2 protein chains.
Amino acid sequence: MAQKYATREEDYSKWYNELVGRADLAEHSGVKGCMVIKPYGFAIWEKMRDVLDAKFKETGHSNAYFPIFIPKSLFEAEETNAEGFAKECAVVTHYRLKADPDNKGKLIVDPDAKLEEELIVRPTSEAIIWNTYKNWIQSYRDLPILINQWANVVRWEMRTRLFLRTTEFLWQEGHTAHATKAEAIAETEQMLDVYSWFAENYLAMPVIRGFKTESERFAGADETYCIEAMMQDGKALQAGTSHFLGQNFAKAFDVKFADKEGKLDHVWATSWGVSTRLMGALIMTHSDDEGLVLPPKLAPIQVVIVPIYRSEEELQLITEKANEIRQKLNALGISVKFDNDDNRRPGWKFAEYEVKGVPVRLAIGPRDLAENKVELARRDTKEKSVVSLDGLDTYIQKLLDEIQQNLYDRALKFREENMRKVDTYEDFKQQLEEKSGFFLVHWDGTAETEARIKEETQATIRCIPLDAPDEEGKCMVTGKPSKKRVVIAKAY
Amino acid sequence: MAQKYATREEDYSKWYNELVGRADLAEHSGVKGCMVIKPYGFAIWEKMRDVLDAKFKETGHSNAYFPIFIPKSLFEAEETNAEGFAKECAVVTHYRLKADPDNKGKLIVDPDAKLEEELIVRPTSEAIIWNTYKNWIQSYRDLPILINQWANVVRWEMRTRLFLRTTEFLWQEGHTAHATKAEAIAETEQMLDVYSWFAENYLAMPVIRGFKTESERFAGADETYCIEAMMQDGKALQAGTSHFLGQNFAKAFDVKFADKEGKLDHVWATSWGVSTRLMGALIMTHSDDEGLVLPPKLAPIQVVIVPIYRSEEELQLITEKANEIRQKLNALGISVKFDNDDNRRPGWKFAEYEVKGVPVRLAIGPRDLAENKVELARRDTKEKSVVSLDGLDTYIQKLLDEIQQNLYDRALKFREENMRKVDTYEDFKQQLEEKSGFFLVHWDGTAETEARIKEETQATIRCIPLDAPDEEGKCMVTGKPSKKRVVIAKAY
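Residues take numbers from 1 onward in each chain, read along the sequence in its written order. By the order in which they are written, chains take letters starting at A while ligands take numbers starting at 1. Totals for whole chains, interfaces and linings use every residue, but because this is a predicted model, local features are given only for residues with pLDDT of at least 70 and side-chain atom pairs only at 80 or more, for both listing and counting.

What follows concerns the overall build of chain A. Each helix corresponds to a stretch of at least 4 residues labelled H or I by DSSP, and each strand to a stretch of at least 2 residues labelled E; elements are numbered beginning at the N terminus. Across its full length, chain A carries 14 helices and 27 strands. Seen through its C-alpha atoms, chain A measures out along the principal axes to roughly 80 × 70 × 55 Å. Burial statistics for chain A: of 492 residues in total, 48% are counted as buried. Pairs at least 24 residues apart make up 68% of the contacts formed inside chain A by residues separated by at least 6 positions. To sort residues by exposure, count the other C-beta atoms lying within 10 Å of each residue's C-beta; 20 or more gives buried, 12 or fewer gives exposed, and values between give partly exposed, all with C-beta atoms placed from the backbone. Contact between two residues is assigned whenever their backbone-derived C-beta positions fall within 7 Å.

Dropping the structure here:
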């Protein structure tokens, strides 16, 4: 008997947790709040990383690596940033263990090996990086600095969920330094463009590009740009952020440059990042009750071939044909797995690749061979069809594009259906209770009103959309004037 | 005036330190013992990583990711391993900072946020991984597990040197699980082969493959295989290790599997790794007093083109030709930089790319254009020649192969010249004092003799070479019988 799993309808949260396990993506580790990313999950993350990394390089950035530890005195230099992360910092206080005199074979922390200054395990690297940039920058000729790093970071979380919120996670963090404010803002916006391009074209996930409100900004930023996506339960997920840091870190670390006239000024900064959280976004945007649904561009296996056979001879004939198909598809850059495992029945394999979100499944039996055709199943629509072996490679190539597009269109349609303009606070609260989603509302721009909405409804202002049209209106809570609608939603 | 730098002859250690800075590879950070890997250095590391990663996958391994923290109780489970690393462990004891009540704007560790169990920052991941594998392995069908991870690790070092010995470093660590001892040993040997293949074919660095003595083994291993390379000062550098871990970790974490007959047995293990230390090996194998010398296969820039011009018109004509050359070279997979920076003179650029180890430099002036030729300089031999523009791309393609081979041959010749058989302890000590290098000596196989040699000469047994011929002899120290020569040297 197959185990019964929660459906999205029954229990979205449980469905998600079970799916991460069923699809072999990740699991909780022996360390509270930290996850193990399993090979299949990591293969998806590697695909994301490779696409982003190439794009970062194309836009002029280089990778580098900065220490995982930040001495406390550096960490606290930029006070807003330090205050924002202080509550979630893992702190290294000692550098040695020793044998426990009371307990043979056990170890204790050596009290004689206490650090003079505690080290913070990076929750983000602005502090250590700006302390480094200080020595790299003297004149305008040293600018811009355009660096990215792929790294692990640690933010102590009390309530964790695989990929979405873990104590340790993997991410990339770009840190750039510029001579002018305008150039830094252009960089911040460029990287937001990169993130939305990636989300829409690879994750097949439509996003709303916007500014965060002041209270939702990155600690230490003058402006935080973000991309917000809608999950299938109507909740929002912040999928990437790009921060204009002004001169805050340059001032904290005293980083000045001489311009062409020799005049000294503080350097302008940006930082931007996406993390393994994108895995959570990917899962929750497309997957269904049967398992993961992967956009072809990020699927480690794009096509799986399952042989249907009774005898060794049949398997051999199918294998020949499968190898031929695989070679043709490989030549088009399409990854293929031929699963000839003799210990598993076809039905088991069908379910397995369905759970794992493989976009296209081919089943080949002896009769198919005789008739020069194959049974093809699409993961996204679950449609099955019988397709000729002639021209199968280009057929599949087009189909993968179609699936990629279909996933995007479907997600966009879902978002459109679940994004509503609301004008009164009563309406808002009522609709929010009935059905989650994004609400476009007028807000008076004050932190007080924002806090009140959050407290009373658990919904937060996700962003002020960049492309929101000017529209005279009144704050749904206070009735004060507003010039644009903002996006409010419950969020991950 | 150009700054005067130490030569290898004058001060090898100073030469190395200065070179790492001059070539813009890495620098010390604001955290004691931790380095910043700068973009140019990181680009070389990325090339190494990509080649190795592809090879790991080709040999059946997948990447995954395990937590950076190891709870103390898991860390101490395999006692030999724990004891081996206990003295160099960074320990996280708290998970929160708070405002310092006595010092506005400063933070202190929150004493209320003390962890119940301390977390060790991984110095190596066997413990956390085997605690995870425990849940993945029930039967022989779950084996082998062939996983690699690219990660940062921390080993608290008192005396550090960039790339060679740093508190935090980057590495890959493979961790595999097998049903039989023979299979685990075959895996250990396979990965040693991968490392020596990589060292010789990419780093252009000849290596000796061997076993470590018992006292030099990885803590927790039954056998440690290694590759040892000779640096230009005659000292040895351990460039990679592959460990047969027996059933030690399986026993410590109680990891058993049922074989086909249902009989339970502990799982067999291997682990293997190379680190950013390879950067140090690369630098010290080939570089000269003028700067870095890079093997073409690992050079981020393989060919640099420097225009020699007086007028804008000249530059324009040269640019056209340079773009043409670049396109042709790019088509052959060769990376090219055209340096048209108008703020720097050609002489400055020549020195810059020499320091950075770019294998081939082309200089093009208006007369070269008129005569359809170019001046070409090889970094390895510093030879200059004038080459026709016709067929330049294939000429350079062959030249890069030639340079790669030349670097290997040169390093091999150097090693051969500095590897000597010695039969008496007196001879050994005298020769070691006169000139460093590798010594092939007979040793009685005891830890006592090994320790004595180390104490009296600072030289260590680097390895027992895999391909050492059987040879009856007498230990150079004790005169006791020996059947093989071992390699002894001073080492990094």
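Below, the discussion takes up the environment of Ile325 of chain A. All names here are of chain A. Relative to the assigned elements, Ile325 resides in helix α9 (residues 312-331). Residue Ile325 is classed as buried on the basis of its C-beta count, with 21 C-beta atoms lying within 10 Å. Along the sequence, Ile325 and Phe338 sit 13 residues apart, while their C-alpha atoms lie 9.8 Å from each other. Once residues within four sequence positions are removed from consideration, Ile325 is found in contact with Ile305 and Leu392.

Let's shift gears to the interface of chain A and chain B. With 52 residues of chain A at the contact, the number on the chain B side is 52 residues. Three classes are used, and their members are as follows: Ala, Val, Leu, Ile, Met, Phe, Trp, Tyr, Cys and Pro are nonpolar, Asp, Glu, Lys and Arg are charged, and the others, Gly among them, are polar. Residues belonging to the side of chain A that touches chain B are distributed by class as follows: 31 nonpolar, 10 polar and 11 charged. A pair of strands is treated as paired once DSSP finds two or more bridges between them. Looking at chain direction, strand β5 (residues 91-94) of chain A and strand β5 (residues 91-94) of chain B are connected through three bridges and run antiparallel. The partner of Val91 of chain A across the bridge, within β5 of chain B, is His94 of chain B.

Below, the discussion takes up the relation of the copies chain A and chain B. Of the transformation superimposing chain A on chain B, the axial component is 0.0 Å and the angular component is 180°, with the fit at an RMSD of 0.0 Å. Such a combination of rotation and displacement between the chain copies is what one expects of a two-fold axis. Across chain A, the smallest distance between a C-alpha and the rotation axis is recorded for Val92 of chain A, namely 2.1 Å. Mapped onto chain B, 100% of the interface residues of chain A again fall at the interface, so both copies present the same surface. Here the copies are superposed with least squares, the fitted atoms being C-alpha atoms of residues at a pLDDT of at least 70 in both.

On to unusual backbone geometry, then. Glycine aside, the phi torsion of most residues is negative, and most peptide linkages are trans. Residue Pro144 of chain A is bonded to the preceding Leu143 of chain A through a cis peptide linkage, with omega at -5°. At Asn372 of chain B, a residue that is not glycine, the phi angle is positive and equals roughly 60°. Among the structural elements, Asn372 of chain B can be located in the loop between α11 (366-370) and β20 (373-378). Assessed through the 11 C-beta atoms surrounding it within 10 Å, Asn372 of chain B is described here as exposed. Phi is positive for Lys382 of chain B, which is not a glycine, with a value near 65°.

Side-chain positions along a regular strand alternate between the two faces of the sheet. Of all five residues in strand β23 (residues 438-442) of chain B, four are buried, a share of seventy percent or more. Every crossover in which the path from the first strand over the helix to the second runs clockwise, viewed with the strands pointing away from the viewer, is termed right-handed. The handedness of the strand β22 (residues 419-421) of chain B to β23 of chain B crossover, carried by helix α13 (residues 425-434) of chain B, is right-handed.

Moving on: α9 of chain A. Residues and elements named next belong to chain A. Working rule for helices: expected span equals 1.5 Å times residues minus one. Helix length check: α9 (20 residues) gives 28 Å between terminal C-alpha atoms against 28 Å at 1.5 Å per residue, within 8%. Tucked into the core, α9 has its buried residues touching β17 (303-307), β18 (336-338), β19 (360-364), α11 (366-370) and α12 (392-417). Immediately downstream of α9, the backbone of Gly333 shows phi near 80°, a positive value.

Once that is clear, we can look at the domain arrangement of chain A. Residues and elements named next belong to chain A. Segment limits for the domains were obtained from an automatic or database-derived domain assignment. You can read the domains of chain A as domain 1 (12-70 + 130-286), domain 2 (300-406) and domain 3 (419-489). On a C-alpha basis, the centroid separation for the pair domain 1 and domain 3 is 27 Å. Counting residues at the interface gives 16 residues for domain 1 and 15 residues for domain 3. Of all the secondary-structure elements, those providing two or more residues to the side of domain 1 that touches domain 3 are β11 (208-211) and β12 (223-230).

Our focus in this paragraph is the sheet that holds strand β23 (residues 438-442) of chain A. The strands that make up a sheet pair up through hydrogen bonds in the backbone, lying either parallel or antiparallel. All names here are of chain A. With respect to topology, 11 strands assemble into an open sheet ordered β3-β9-β10-β16-β13-β12-β11-β24-β27-β23-β22, the strand pairing being mixed. The sheet terminates laterally at β3 (62-63) and β22 (419-421), the two strands that pair on one side only. Both β11 and β12 contribute to a ladder of four bridges, which runs antiparallel. Paired with Gly210 across the bridge in β12 is Cys226. Lines fitted to C-alpha atoms define the axes here, with helix axes fitted over just the stretch in contact, and angles between the N-to-C directions of these axes take values from 0 to 180 degrees. Here helix α8 (residues 277-286) sits on the sheet in contact with β10 (168-178), β12, β13 (236-246) and β16 (268-275), set at roughly 145° to β13.

Residue and element names in this part refer to chain A. Within β12, seven of the eight residues are buried, which leaves the element mostly enclosed by the surrounding structure. One ladder, built from eight bridges, connects β12 with β13; its direction is antiparallel. The residue of β13 that forms the bridge with Ile227 is Gly240. Where β12 folds back on β13, the antiparallel hairpin that results is connected by five residues, among which Gly234 adopts a positive phi of roughly 85°.

Residues and elements named next belong to chain B. Note that Gly473 resides in strand β25 (residues 473-474). A tally of 16 C-beta atoms within 10 Å means that Gly473 is categorised as partly exposed. Along the primary structure Gly473 and Ala258 are separated by 215 residues, whereas in three dimensions their C-alpha atoms are 47 Å apart. If we ignore the near neighbours within four places in the chain, the residues touching Gly473 are His442 and Ser482.

What follows deals with the sheet that holds strand β8 (residues 114-121) of chain A. Strand order in this open sheet of six strands is β4(A)-β8(A)-β5(A)-β5(B)-β8(B)-β4(B), and the pairing throughout is antiparallel. Two strands in the sheet have a free side with no partner beyond their single neighbour: β4 (69-71) of chain A together with β4 (69-71) of chain B. Sheet twist, expressed as the mean angle between neighbouring strand axes with direction ignored, is 45°.

So, on to α8 of chain A. Residues spaced three or four apart along an α-helix point in a common direction, a consequence of the helix completing one turn every 3.6 residues. The buried fraction of α8 of chain A is high, at 10 of 10 residues. The complete set of buried residues in α8 of chain A reads Arg277, Leu278, Met279, Gly280, Ala281, Leu282, Ile283, Met284, Thr285 and His286 of chain A.

The next point concerns the confidence of the model for chain A. Each residue carries a pLDDT value, the predictor's own confidence for that position, ranging from 0 to 100. Mean pLDDT for chain A: 97, with 100% of residues reaching 70 or above. Across the whole predicted complex the pTM is 0.97, and at the interface the ipTM reaches 0.97.

A separate point is the environment of Lys57 of chain A. Positionally, Lys57 of chain A belongs in helix α2 (residues 39-58). Sequence-wise, Lys57 of chain A and Leu146 of chain A are 89 residues apart; in three dimensions their C-alpha atoms are separated by 9.6 Å.

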